[in-house]
Each structure stands twice: as structure tokens, then as C-alpha cells.
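Single-letter residue listing:
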Amino acid sequence: MYLFSKTHSTSTLWSLLIAFCLAVAPAQAQNLFVANQAGNTIREFSPSGVDLGDFATTGLAGPTALAFDESGNLYVSNIAGNTIREFSPAGVDLGDFATTGLSAPRGIAFDKRGNLYVANTPATPPGGWIRKFSPTGEDLGNFATTGLNVPRGIAFDKRGNLYVANAGDNTIRKFSPNGQDLGYFATTGVVVPALIAFDRRGDLYVTNMTINAIREFSRGGVDLGNFAATGLSAPAGLAFDKEGNLYVSNRGDNTIRIFSPSGEDLGYFATTGMIGPVGLAFSPEPEDDSQDGEDGTLSLLVGSVGR
């Protein structure tokens, strides 16, 4: 094994550079999964938009939001069944992950420790709560109960703060990693918000279902206006691919729309196999540790290199 140093010849350095380029080649593209709330199925699409059919059809009752854990298992909130269902990477139904402390669960999200958070709405609004479950499904009780009014979408930022879209009062609420209510993150430009997601820069995007628009907010909560307003019909779910393109589920016309990182409308990504689509999620990228050293640094393996 050779590493860069001042003593290596030009040919050695070129060989190492070639090996480095191979080591950091782009990862395999991810499939997109769609929760068909009205059809009680999870649909799968290839990176190019090919309809791969149903990924899951059992144990679903109004599937609404989707989230993958680090092992590639898929979790689904059942708004009509008051449960969180779990499926293996191959689509095997692993049964209920959680059944307690839930009421019309919508948005779900994992924190960095693998705990799952669920947005709940009481039978008689206003109000609501965020429930927390351990990686094994243990009910850890309420994470947050203040400042919530029909909570729907939830998402974590890179610092572990949790953001909640309140459909009852058209606001976005922010909570610290330990559950402290940090007040309103956004109060403008939000109209019956559904699900939410962060881009790579840390901007927050919100689906406004009733006005057919996607709203964008900076990391500091500044209202940046509509990110997208064309090709939308009751937009509900949203997810970013690794290139920064935004995918939006249109519950109104049973389609998936795609937008570039700059907000350009790229047209339909998918138009088949959907009935009331809501939640979206990309499968996690496969991890490849074959090029990693024991200390987590990249090692370049080069054979038969002269000096």
C-alpha cells in the first residue's frame, strides 16, 4: 500500500490519482418509494421513473409518511390504523413497529441515534404531540406537546433540531434536540402545510396543499417565497435526490413532479401506479467501506508501482 509523500515519483503519484478517482466514483442511484394513502400500498420507482410495481401491500391503512432507517428498513405511518409499520429492504412485512401513543400519525423522522419521532393529531383538534420511540420500538413518551396545532410534516436539521409543520395555524414550530420549544420558525407563506424536507444547504421546503405551491425558507427562517408553483395539484410529500432535485407527490392528480435545484419545472417523474400519493422517500445509498482504513481515512491500494 502506498500513500502520498514527497519521495514518490511522478508515475507513482499518477497511479495514486487514478486509484483515488476510482475510489470516489459516484454511488449507485436510489429508487423512490411512494405512500399511496388512498390505495393502501407503497409503490416503487427506479431512478429514471420506471414503475417497478408495489413494494408493499400488507399492514397498511392510510399510509402517509415514509422514512428509512440506517439498515434500509422502511417505516410507514398509518393514519387510519394508528400504527407505524415496518418493512425489510426486500419488502417483507415485519409487522407493527409501534402502536401506542399514536393518533392519526402523519409525519415521521429519525434522529441521529436511530430514534423515531411521530407527529400525532388528537381526535378533536386543535392540539397535537410528537411521540418518540427507541430504535427497538420502545415507547419513550411525548417528545413535544407545546406549540402544536394539527402537526403534520416533521424533519430534523443537521444540528438535531426538530421542525414541525402545523396545519391548524399555518406555522412551522422548532424544537431543540432535547425537546425544548424554541418557538416559531416560520409564520408566513404557509397554508395548510403537509410534509416538509431540508435540502443540502439547510433550507426548509414546505408543501402547501391548498394553494398548490412549495415554499422555501432559509436556515434562519427567512421566507424566500415560492420555490415552485407550476405542475402542482394538492402537493403533499417531497423528497430530494442526491443531486439536489426535488420530487413532489401530487395527491390531486396522482403524479410525481420533479424540480431542479434552482426550481425549474422538469415535468412529470411518474404518472402510473399511484392513488392518493403522499409520503416520498429515497432508498438509502449503499455503504461501501472497502476503501476505508481502520481510522476511517481513505486508503489507496496500488500494486507494482515503481519509484
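Up top is the structure.
Let me begin by describing the structure that accompanies this report. (Residues numbered from 1 in each chain as written. Predicted model: local features only at pLDDT ≥ 70, side-chain atom pairs only at ≥ 80, totals over all residues. Heavy atoms only, no water.)

Turning our eyes to something else, we now look at the pattern of salt bridges. Any two side chains of opposite charge can pair, so long as their charged atoms come close to each other. This structure, assessed with the given rule, holds 11 salt bridges. With a shortest N-O distance of 2.9 Å, aspartate 93 and arginine 85 are connected by a salt bridge. In this structure, aspartate 139 engages arginine 131 in a salt bridge whose closest nitrogen and oxygen atoms are separated by 2.9 Å. Three or more residues joined by partner-sharing salt bridges are found here, namely Asp199, Arg201, Asp203 and Glu216. (Salt bridge = Lys/Arg side-chain N within 4 Å of Asp/Glu carboxyl O.)

The subject of this paragraph is the packing of aromatic side chains. This structure, assessed with the given rule, holds 14 aromatic pairs. Considering the side-chain rings of phenylalanine 33 and phenylalanine 68, the 5.3 Å spacing of their centres and the 70° angle between planes classify their relative orientation as edge-to-face. With phenylalanine 33 in strand β1 (residues 32-36) and phenylalanine 68 in strand β4 (residues 63-68), the pair connects residues that are 35 residues apart, well separated along the chain. The exposure classification of phenylalanine 33 matches that of phenylalanine 68, with both residues buried. With 5.0 Å between their ring centres and 75° between their planes, tyrosine 163 and phenylalanine 198 make a pair best called edge-to-face. Taken together, the residues tyrosine 163 in strand β13 (residues 162-166) and phenylalanine 198 in strand β16 (residues 193-198) connect sequence positions 35 residues apart. Take tyrosine 163 and phenylalanine 198: they sit in the same class, and that class is buried. Joined through ring pairs, the aromatic side chains of Phe45, Tyr247, Phe269 and Phe282 make up one cluster. (Phe/Tyr/Trp six-rings, centres within 6.5 Å; stacked < 30°, edge-to-face > 60°. Helix = DSSP H or I, 4+ residues; strand = E, 2+ residues; numbered from the N terminus. Buried < 20%, exposed > 50% of the residue type's maximum accessible area, 1.4 Å probe, protein only.)

What follows covers the sheet that holds β16. Spatial strand order, β16-β17-β18-β19: four strands in an open sheet with antiparallel pairing. Each having just a single partner strand, β16 and β19 (223-228) make up the two edges of the open sheet. Across the sheet, the axes of successive neighbouring strands diverge by a mean angle of 25°, strand direction being ignored. For strand β17 (residues 204-208) and strand β18 (residues 213-217), the ladder comprises five bridges, and the chain directions are antiparallel. The residue of β18 that forms the bridge with tyrosine 205 is glutamate 216. (Pairing = 2+ DSSP bridges. Axes fitted to C-alpha atoms, helices over the stretch in contact; angles between N-to-C directions.)

This next bit is on the pairing of β16. Where burial is concerned, most of β16 is hidden: six out of the six residues are buried. Sheet topology note: the β16/β17 ladder contains four bridges and is antiparallel. If you follow phenylalanine 198 over to β17, its bridge partner there is leucine 204. Adjacent in sequence and paired antiparallel, β16 and β17 are bridged by five residues, among which glycine 202 carries a positive phi angle near 100°.

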